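# A structural walkthrough
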There are 2 protein chains.
Amino acid sequence: MRERERGPAREIETEHYEAQQGHQGCVVWLTGLSAAGKSTIATHVARRLFEEGSHVYVLDGDSLRQGLTRDLGFSPTAREENIRRAGEVAKLFRRAGFIVLAAFVSPYRKDRDFVRSILDDGHFIEGYVSADLDTCIGRDPKGLYKKALQGAIPEFTGVSAPYEPPLAPEIVLDTTAQSVDQSVHAVIDLLDARGIRKARARG
Amino acid sequence: MRERERGPAREIETEHYEAQQGHQGCVVWLTGLSAAGKSTIATHVARRLFEEGSHVYVLDGDSLRQGLTRDLGFSPTAREENIRRAGEVAKLFRRAGFIVLAAFVSPYRKDRDFVRSILDDGHFIEGYVSADLDTCIGRDPKGLYKKALQGAIPEFTGVSAPYEPPLAPEIVLDTTAQSVDQSVHAVIDLLDARGIRKARARG
């Protein structure tokens, strides 16, 4: 190819995307038990930021397991690979300047720490979506706890597989004590404090 | 969580992204031998569309193999999984309304057909970046053919592993006969013909 004709094109870097979009990218990683409220919070935050004109994307475990991670099960090793891939995808969207809301049970501390390690400082926000097990069992919107307690789903986090809460998350969202609105506001306030949200939308 | 307080948030669907961005998303999948010019064309097309204000992302084999597919080698099975993951990631970006330029050797027809199968009709554009092997060996910008011909790189496409050209690609970019500019224009003309590029940028 006669490359010299016009020289190589400049690759589109994160700062180019961010300049075009008017805000920085980051990854808000929501971890917690099934039914703790991760996806609900992610969807609400995303919708609000999207309506302000921000570039935002929700990644969640259920939808990823229908495609990218459909070959993986729920053993500790498979969960590690599941979170590794999810983290790498979050990194690609963050590279494109997106605010990524990632909702994954991600029960192992070391797997979440891996995701933190591949993202730059200050652009990984770990949110612990906290609800006690009894509350989650009481909600059980998909009937998964019922099945897990009957032994029909093996390796179910909180029932027959461990959950390791974050030791120093950037934010704790206690969905037993606070409403969806309160959790959504708390995330958005944190994005404001970090200077990540569109300047004209802050207030 | 007191979901009823405000009802569930609407998920952000592809049509919402496209409405915000002013253009449709799609995946332009560039396949061909190493050094055929896939990444060069992808980068030039992406830069041009980006400067028009479009949402565009380059995915290429080299960078993906530093992260998402770092666990994979170059056996037929590993290549299949490499392209499966790349296709699933392209689908996520297309879901966010992006024009994705995907540059992958992707030597097997069935693997490319898998990617086509997971994207909607009309939004997968297979581009065959065609250059004969001697031309690619002559270019060899990374010295890979030299190593492969010496036997230092096993399973190298075109040398010690097969390449199956597309039978009915949406576009053929013959980089032996035409310049980078001509290939870039050909891709952009096709996006125009499909109504994918920003309306105000066409012409």
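Residues numbered from 1 in each chain as written. Chains lettered and ligands numbered in written order. Predicted model: local features only at pLDDT ≥ 70, side-chain atom pairs only at ≥ 80, totals over all residues.

### Structural notes on unusual backbone geometry
Leaving glycine out, the prevailing phi sign among residues is negative, and the prevailing peptide bond configuration is trans. Under the convention used in this document: Comment: elements are numbered from the N terminus, with helices defined as DSSP H or I runs of at least four residues and strands as E runs of at least two. Counting other C-beta atoms within 10 Å of a residue's C-beta gives its exposure: the residue is buried at 20 or more, exposed at 12 or fewer, and partly exposed in between, where C-beta atoms are placed from the backbone.
Even without being a glycine, Glu155 of chain A presents a positive backbone phi close to 55 degrees. Structurally, Glu155 of chain A is set in the loop between helix H7 (144–149) and strand S5 (171–174). Backbone geometry places Asp140 of chain B, a non-glycine residue, at a positive phi of 35 degrees. Owing to 15 C-beta atoms within 10 Å, Asp140 of chain B belongs among the partly exposed residues under this scheme.

### Overview of the interface of chain A and chain B
Rule in force here: Any two residues are considered in contact once their C-beta atoms, placed from the backbone, lie within 7 Å. The classification used treats Ala, Val, Leu, Ile, Met, Phe, Trp, Tyr, Cys and Pro as nonpolar, Asp, Glu, Lys and Arg as charged, and all other residues, Gly among them, as polar.
In this assembly, 30 residues from chain A lie in contact with 30 residues from chain B. Looking at the side of chain A that touches chain B, the elements that each hand over two or more residues are helix H2 (38–51), helix H4 (76–95) and helix H8 (180–193) of chain A. The biggest single contributor to the side of chain A that touches chain B is H2 of chain A, with six residues. Per-class residue counts for the side of chain A that touches chain B are twelve nonpolar, seven polar and eleven charged.

### Points about the nonpolar core
Under the convention used in this document: For our purposes the nonpolar core covers buried Ala, Val, Leu, Ile, Met, Phe, Trp, Tyr and Cys residues that link as a set through C-beta atoms within 7 Å.
In this structure, Val100, Leu101 and Ala102 of chain A together with Val100, Leu101 and Ala102 of chain B are the most contacted members of the largest nonpolar core, which totals 106 residues. Once residues lying within four places of it in the same chain are set aside, the contact partners of Ala102 of chain A are Val27, Val28, Trp29, Leu30, Leu59, Ala86 and Ala90 of chain A.

### Some thoughts on the sheet that holds strand S3 (residues 99–103) of chain A
Residue and element names in this part refer to chain A. Note the following rule: For two strands to count as paired, DSSP must find a minimum of two bridges between them. To get an axis, a line is fitted to the C-alpha atoms, and for a helix only the part in contact is used. The angle between two axes follows their N-to-C directions and goes from 0 to 180 degrees.
Taken together, the five strands give an open sheet; going across it, the order is S2-S3-S1-S4-S5, and neighbouring strands pair in parallel fashion. For this open sheet the edge positions go to strand S2 (56–60) and S5, each flanked by a neighbour on one side alone. On average, adjacent strands in this sheet sit at an angle of 20 degrees to one another, irrespective of strand direction. Sheet analysis places strand S1 (residues 26–31) next to strand S4 (residues 124–130), joined by five bridges and oriented parallel. Bridging across to S4, Leu30 finds its partner in Gly127. The strands that H4 touches are S1, S2 and S3; relative to S3, the one it contacts most, it runs at about 165 degrees. Across the face of the sheet, H8 comes into contact with S1, S4 and S5 while running at roughly 170 degrees to S5.

### With respect to the relation of the copies chain A and chain B
Threshold: When the copies are overlaid, the least-squares fit takes in C-alpha atoms only where the residue has pLDDT of at least 70 in both copies.
Expressed as a screw operation, the relation of chain A to chain B combines 0.0 Å of axial shift with a rotation of 180 degrees, fitting to an RMSD of 0.0 Å. What the superposition gives is, in effect, a two-fold axis relating one chain to the other. Within chain A, Val89 of chain A has its C-alpha nearest the rotation axis, a separation of 3.6 Å. A high fraction, 100%, of the interface residues of chain A reappear at the interface in chain B, so the copies pair face to face through one surface.

### What about the packing of helix H4 (residues 76–95) of chain B against helix H5 (residues 109–118) of chain B?
All names here are of chain B. Condition: Each angle is binned into one of four classes, with values under 35 degrees roughly parallel, values over 145 roughly antiparallel, values of 65 to 115 roughly perpendicular, and all other values oblique. In this scheme the crossing of two helices becomes right-handed for a clockwise turn of the near helix relative to the far one and left-handed for an anticlockwise turn of less than a right angle.
Interhelical geometry of H4 versus H5 gives an angle of 25 degrees and a closest axis separation of 9 Å. Taken together, the axes of H4 and H5 are roughly parallel relative to one another. Like other packed secondary-structure pairs, H4 and H5 cross with a definite hand, here right-handed. Between H4 and H5, the residues in contact are Arg79, Glu80, Ile83, Arg84, Gly87, Ala90 and Lys91 and Asp111, Arg112, Phe114, Val115 and Ile118, respectively. Of the residues contributing to the contact of H4 with H5, the split by class is five nonpolar, one polar and six charged.

### Overview of the environment of Phe93 of chain B
Residues and elements named next belong to chain B. Relative to the helices and strands, Phe93 resides in helix H4. What makes Phe93 buried here is the crowd of 24 C-beta atoms within 10 Å. Separated by 39 residues in the primary sequence, Phe93 and Ser54 place their C-alpha atoms 13 Å from one another. Apart from the residues lying within four places of it in its own chain, the contact partners of Phe93 are Tyr57, Phe98 and Val100.

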